[in-house]
Amino acid sequence: MNKNIYVTQPLLPKLEDFQIQLEEIWESKQLTNAGCKHNLLEQELQKHLKVPNVSLFNNGTIALLTALKALDLPYGSEVITTPFTFAATPHCISWNGLNPVFCDIEPNTMCIDANKIESLITEKTSAILAVHVYGFPCDVKKIQEIADKYNLKVIYDGAHVFSTEIDGVGIGNFGDITMFSFHATKLFNTIEGGCLTYKDESLVKKIYNLRNFGIQSEELVEEVGINGKMNEIQASVGLLNLNLYKEEQEKRKTLREFYDSELSKIKGIRIPKMPKNTSDSYQYYPIIIEEDYPLTRNELYDKLKKENIFARKYFYPLCSDYECYKNLPSSCVENLSVANKYKNRVLTLPFYGDLEEEFRVKIIKLIKINCL
Ligand SMILES: Cc1ncc(COP(=O)(O)O)c(C=O)c1O
């Protein structure tokens, strides 16, 4: 029986190191509600992400939900976003009583096409929610220019860009708020978890309160908050993984170099390129199956799957194809021609430091030999 190979493997600290953390938590009797480990992780993340403010959350989705809430966007207003993302992105817009408006993507980074945003702006538009897909940065400069011109808020879903920098600036500094996910599948994980980063100091208290049911003090609840608190066990996994993720990035760098050199020789396989001024997070390894490759994306996916190699069709289907969004005017194929093309062409390959040599070679061999 062949071993199953998935797109990623979680980064795990040594069990004996985790045991020490658990003993400290048991000793403290504080399991959650901004405990010592939680507060220390917030401080450490400020350094790793090079940002002035970090608020931890129990997962990235609740963090993003809270980010939109914290910016006080008018109820029923429109938020321009991308369909080429995970379900959480448009769902957080909808759960806030806001309306997602889908914008097409650009073909190299597969992030929102900043040149197509302006034509979607109406008097109801209140914000842009862009996603740094696979670790590629959005055109943050152009997006900010548009936001300034039309007085819009900018929120980034940075679930895939832990530790990415643009010209040496931590990616969490752009826009009004950035969300990072620390889900087990992410480069840096706290099992489940996430955070918000932002420059505006006035958001510190607001986000703290919203994350804790809107409670301001023992007898005062002013806002409709939620339970977004990260617990001490999650935070301790985070503190340990902070010591490990750079080594994991180095290992993935070696794997990326191997994939790049082998796959660039294959006609019909395109490897999207990271902009030169951007440091890579090493979260995913996407490839584009072009028309001149002998198999379709689905055929290649099935071929790998038969060998127990589970590549992923991120992001197929598009969010604009979901039952809950497919009837929106902005979901029509004419508005999203590039996204509709790439949803059928993209495949993310297994990408983690401990992927054995045998499977690295096998994956390349299966992609090279162009028969089913
Ligand atoms: C682009 C994107 N946004 C949001 C999320 C949601 O994050 P979480 O799983 O931490 O809630 C994910 C993945 O998990 C994601 O890939």
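Residues numbered from 1 in each chain as written. Predicted model: local features only at pLDDT ≥ 70, side-chain atom pairs only at ≥ 80, totals over all residues. Heavy atoms only, no water.

Q: Honestly, the overall build of the protein in this entry has me stumped. Any pointers?
A: Of regular secondary structure, the protein possesses eleven helices and 14 strands. Relative to a compact globule of 372 residues, whose C-alpha radius of gyration would be 21 Å, the protein shows 21 Å and is just as compact. Expressed along its principal axes, the backbone C-alpha trace of the protein runs to roughly 70 × 55 × 40 Å. Scored against the burial criterion, the 372 residues of the protein give a buried share of 56%. Considering only intrachain contacts with a sequence separation of at least 6, the fraction spanning at least 24 residues in the protein is 71%. About 16,800 Å² of surface is accessible on the protein, with carbon and sulfur atoms providing 53% of the total. Looking at charge distribution, the protein has the averaged site of its 43 positive side-chain charges lying 5 Å from that of its 49 negative ones. (Helix = DSSP H or I, 4+ residues; strand = E, 2+ residues; numbered from the N terminus. Rg over C-alpha atoms; globule rule 2.2 N^0.38 Å. Buried < 20%, exposed > 50% of the residue type's maximum accessible area, 1.4 Å probe, protein only. Contact = heavy atoms within 4.5 Å. Areas by Shrake-Rupley, 256 points an atom, 1.4 Å probe, with all protein chains shown as cover. Lys, Arg positive; Asp, Glu negative; His and termini not counted. Charge placed at Lys NZ, Arg CZ, Asp CG, Glu CD.)

Q: Would you mind going over the domain arrangement of the protein with me for this structure?
A: Quoted interface sizes are often the accessible area lost when the parts come together. Under the domain assignment, the protein is made up of domain 1 (15-242) and domain 2 (246-368). Centre-to-centre separation of domain 1 and domain 2, based on C-alpha positions: 25 Å. Contacts between the two partners involve 37 residues from domain 1, matched on the other side by 39 residues from domain 2. Carbon and sulfur atoms make up 61% of the area that domain 1 and domain 2 hide from each other, which totals about 3,100 Å². If you sort the residues of domain 1 by the area they bury against domain 2, Phe102, Tyr134 and Leu187 come out on top, with a joint share of 23%. Taken together, the links from domain 1 to domain 2 amount to zero salt bridges. Put simply, domain 1 and domain 2 have 18 residue pairs in polar contact (both at pLDDT 80 or more) between them. (Domains from an automatic or database assignment. Buried area = accessible area lost by both parts, 1.4 Å probe. Salt bridge = Lys/Arg side-chain N within 4 Å of Asp/Glu carboxyl O. Polar contact = N/O pair within 3.5 Å; in protein donor to acceptor, adjacent residues only side chain to side chain.)

Q: What is the right way to look at the site of the ligand in this model?
A: The environment of the ligand is made up of 15 residues, and the closest members are Gly60, Thr61, Asp157, His160 and Ser181. For the ligand, an oxygen atom lies 2.8 Å from a polar atom in the backbone of Gly60. Side-chain polar atom of Lys186 to an oxygen atom of the ligand: 3.0 Å apart, as the coordinates give it. Relative to its unbound accessible area of 380 Å², the ligand is 92% covered by the protein chains. For the shell around the ligand, the elements supplying multiple residues, two or more each, are helix 3 (60-70), helix 4 (88-95) and strand 8 (177-181). For the shell around the ligand, the residue count by class is four nonpolar, nine polar and two charged. (Near = heavy atom within 4 Å. Nonpolar A, V, L, I, M, F, W, Y, C, P; charged D, E, K, R; others polar.)

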